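Here's the letter readout for the chains.
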Amino acid sequence: MKVCLGTLLALGVSLGPVAAASTVMPLAPHRVVYDLTLLASKGSRGVEAARGRVAFSFTGNTCEGYALTYRQVTVLEGGDIGQRTSDLRTTTFEDGKGASFTFKTESTFSGAPAKLVDGQAEREAADGLVVRTRAPKRDRFSLDGEVIFPTEHLRRIIAAAKAGDTLIEARVFDGSDDGRQIYDTLAIIGRQKGADNTASLEEAARHAALKDISRWPVKISYFTKEGEGERTPRYQLSFELYENGISRDLVLDYGDFSLKGEMKTLEMLETHPCGVP
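For every chain, the first residue of its written sequence is number 1, and the numbers climb from 1 along that sequence. Note on the predicted model: pLDDT of at least 70 is required for a residue's local features to be given, and 80 or more for side-chain atom pairs to be given and counted; whole-chain, interface and lining totals, by contrast, use all residues. Note: side-chain values were computed over all heavy atoms of the structure, leaving out hydrogens and water.

Draft legend 1. Representation of the overall build of the chain in the model. Think of it this way: any DSSP run of H or I at least four residues long counts as a helix, any run of E at least two long counts as a strand, and we number them from the N terminus. Helix and strand content of the chain: two helices and 14 strands. Residue burial is assigned from relative accessible area. The probe radius is 1.4 Å, only protein chains are included, and a residue is buried under 20% of its type maximum, exposed over 50%, and partly exposed in between. Residues classed as buried in the chain amount to 44% of the 277 residues present. Only heavy atoms enter the contact rule, under which two residues are in contact if any of them lie within 4.5 Å. Long-range contacts, defined here as pairs at least 24 residues apart, represent 53% of the contacts in the chain between residues at least 6 apart. Using a 1.4 Å probe, the Shrake-Rupley method yields the accessible areas, and only the shown protein chains count as cover for residues. Just so you have it, the chain exposes about 14200 Å², and 51% of that area is on carbon and sulfur atoms.

Okay, structure coming up:
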């Protein structure tokens, strides 16, 4: 699917002011598992079947910072590609004020040697980051301009949704690839869904913690700096986003194929509000 950011702006579609992230409900510590299946595949020699699982836990608050552990195992099958298995493991920690971000990712693909990315980014000025990596090699470099980290991005999307905005742009650093990549992102926010409209949801999404919580359909397109004008996103992520940061009904669109993620289990973790031991 091709999304043209330039066309949206040229048509005068307003990205609107973003409400202060501090006005939204605190993000909920939780552990969640999604089962992955093939949603769509393009081309006659592409992916014919897929299965997998995403599991992650999220903890923290604005005082202590936010910790995330994430694992995604995906098995792809096709007549030309055979069977390919990828295993991605990521741990991150983001300062509650968005001042620093540590990341470590280990990935393997069909038995190839593991790829490791390990580093830390710090906001040493109001307009830029300094990144230090230990792997894949020791390095230090600067990233200019306004850049935010993933949890802050999520909080801004929720704030925008609550304010009634439908589009939000942001440059996001998440430590992916070789630890040098910045994504230009465009989040499209749909109409709020009623908190009482839960009868048709999967069992895990009918958890008591999600009762009476507003949610919005969201699609985020991730662009790299390749070329100008109309650009095809590197990938797209769609989901229903609850005000407390929990998501359901995932779609991971990699261009040639897309995967659907159904929430299978949801466990709410202990919450420690700021200032409460």
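Here the narrative resumes, following the displayed structure.
Draft legend 2. Quick look at the environment of Val251. Relative to the helices and strands, Val251 resides in strand 13 (residues 247-253). Once the C-alpha coordinates of Val251 and Phe239 are considered, the two residues, 12 residues apart in sequence, prove to be 6.3 Å apart. Leaving out residues up to four positions away in the same chain, Val251 has contacts with Leu39, Gln236, Leu237, Ser238, Ser258 and Leu259.

Draft legend 3. Representation of the pairing of strand 10 (residues 183-189) within the structure. Counting buried residues in strand 10 gives six out of seven residues, a clear majority hidden from the surface. Paired strands, as defined in this entry, are two strands with at least two bridges between them according to DSSP. As judged from the six bridges shared by strand 9 (residues 167-172) and strand 10, these two strands associate in the antiparallel manner. The residue of strand 10 that forms the bridge with Ala170 is Thr185. With six bridges joining them, strand 10 and strand 11 (residues 215-223) adopt antiparallel strand pairing. What sits directly across from Leu186, in strand 11, is Ser221.

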